[in-house]
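Structure assessment
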Amino acid sequence: MATAYGGSWYVSAKPTSYSVIGFILALIGGTLFAGMADLLGQVAIAHLAGAAPESVLRSIAAAVIDPASVADDQQLLIIGGAVHFAIILVMVLVYLIAAARFPLVNSTPEISTFGYGLILGFVMIWIVLPLRWPDRVPGTTPVDIVAPLLRHIFLVALPIAITAKLAARRDERSVG
C-alpha cells in the first residue's frame, strides 16, 4: 500500500474488470439506484420550495420538449422520467468505462465518488442547464453552488460507485 513506496501518496490499485453480465447488472442497477436517489432528492427539494412533486418531471421533460405541446399530463411525466433515467444511464456508463480503464476509480470509490460527483454537479449546473435555459443564470451564493454539488456527490455518484464496486466484487468472486 502507501508504505511500500516510502510513505508516498501512491495507492496500489488492481484493474477492474466486469463480465458481460456484471457490466449489464451494474449499468441497470446503477441507473435505477442513482436515478431513484436523485429523483427523490429533487422531489424533496421541490417539496421544501412549495412545488408539487410532479413539477420535477415536468421540468426535466421541458428540457427536450415544449410541455404545452403534450396534452396528457401523464405522458409528460413519463417523458420527464425517461429523460431523467437516460441521463443517469449515461453517467453510469461513463463511470463504468472509467472504472475499467483507470484502476484507481474502483480501488478508491470514496475518492472517485467525490470527484465524479463534483464533475457531474459542475457539468449539470454550469454547462447543461445554461445551454438549455440561457435566461436562467446559475446561482452564485455558496448554497446555490454547494447544494447541487452535494446532491450529485451523495445521490448520484455514490450510488453509481457502490454499484460499480459491488459488480466488480461479484466478478472477482466468480473468477477466483
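Data block above holds the structure.
The structure reproduced in this document is the subject of the present report. (Residues numbered from 1 in each chain as written. Predicted model: local features only at pLDDT ≥ 70, side-chain atom pairs only at ≥ 80, totals over all residues. Heavy atoms only, no water.)

**Let's talk about the overall build of the protein**
- Across its full length, the protein holds six helices and zero strands.
- Reading the protein from its N end, one meets helices and strands in the order α-α-α-α-α-α.
- Burial status across the protein gives 35% buried among its 176 residues.
- Counting contacts in the protein only where the partners sit at least 6 residues apart, residues at least 24 apart contribute 69% of the total.
- Accessible surface, the protein as shown: approximately 10,400 Å² in total, 72% of it carbon and sulfur. (Helix = DSSP H or I, 4+ residues; strand = E, 2+ residues; numbered from the N terminus. Buried < 20%, exposed > 50% of the residue type's maximum accessible area, 1.4 Å probe, protein only. Contact = heavy atoms within 4.5 Å. Areas by Shrake-Rupley, 256 points an atom, 1.4 Å probe, with all protein chains shown as cover.)

**Considerations on the side chain of R151**
- Tracing the sequence through the fold places R151 in helix α6 (residues 142-175).
- The contact partners of R151, leaving out residues within four places of it in the chain, are D38, Q42, I45 and V156.

**Let's talk about the packing of helix α1 (residues 20-48) against helix α3 (residues 73-101)**
- Look at α1 against α3: their axes get within 8 Å of each other, and the N-to-C directions meet at 130 degrees. As far as their axial angle goes, α3 and α1 are oblique. Crossing of α1 over α3 shows right-handed handedness. Across from F23, A26, L27, G30, T31, L32, A34, G35, M36, D38, L39 and Q42 in α1, the residues of α3 making contact are H84, F85, I88, L89, V92, L93 and L96.
- When grouped by side-chain class, the residues that make up the contact of α1 with α3 number 13 nonpolar, five polar and one charged. (Axes fitted to C-alpha atoms, helices over the stretch in contact; angles between N-to-C directions. Parallel < 35°, antiparallel > 145°, perpendicular 65-115°, else oblique. Left-handed = near helix turned anticlockwise from the far one by under 90°. Nonpolar A, V, L, I, M, F, W, Y, C, P; charged D, E, K, R; others polar.)

**Examining the nonpolar core**
- Ranked by internal contacts, the top residues of the largest apolar core, which has 21 residues, are Y18, M91, Y95, L96, Y116 and I160.
- Of all the secondary-structure elements, those providing two or more residues to this core are α1, α3, α5 (109-132) and α6.
- Residues within four places of M91 in sequence aside, it is in contact with Y116, L120, M124, V156 and I160.
- With seven residues, the next largest nonpolar core counts L39, L57, I60 and L77 among its residues. (Core = buried A, V, L, I, M, F, W, Y, C linked by side-chain atoms within 4.5 Å.)

**Considering the pattern of salt bridges**
- Counted under the stated rule, the structure contains two salt bridges.
- Across the pair R151 and D38 runs a salt bridge, and its minimum N-O distance is 3.0 Å. Note that R151 is positioned in helix α6 and D38 in helix α1, a separation of 113 residues in sequence.
- Exposure remark for R151: the relative accessible area of 17% places this residue in the buried category.
- Its relative accessible area of 4% is what places D38 among the buried residues.
- Where R58 meets D73, a salt bridge forms, and the shortest distance between an N and an O atom there is 2.8 Å. (Salt bridge = Lys/Arg side-chain N within 4 Å of Asp/Glu carboxyl O.)

**Some thoughts on the packing of aromatic side chains**
- A full pass over the atoms with the stated rule returns two aromatic pairs.
- Ring geometry for Y18 against F23: centres 6.2 Å apart, planes inclined by 65 degrees, an arrangement best described as edge-to-face.
- According to the relative accessible area criterion, Y18 is buried, its value standing at 16%.
- Both rings, one in Y95 and one in Y116, keep their centres 5.4 Å apart while their planes meet at 55 degrees; by these two values the pair is tilted. (Phe/Tyr/Trp six-rings, centres within 6.5 Å; stacked < 30°, edge-to-face > 60°.)

**Some words on α5**
- The sharpest bend along α5 comes to roughly 35 degrees, located at M124.
- Considered for burial, the residues of α5 that qualify are P109, S112, T113, Y116, G117, L120, G121, M124 and I125. (Bend = angle between axes of the 7 residues up to and from the residue.)

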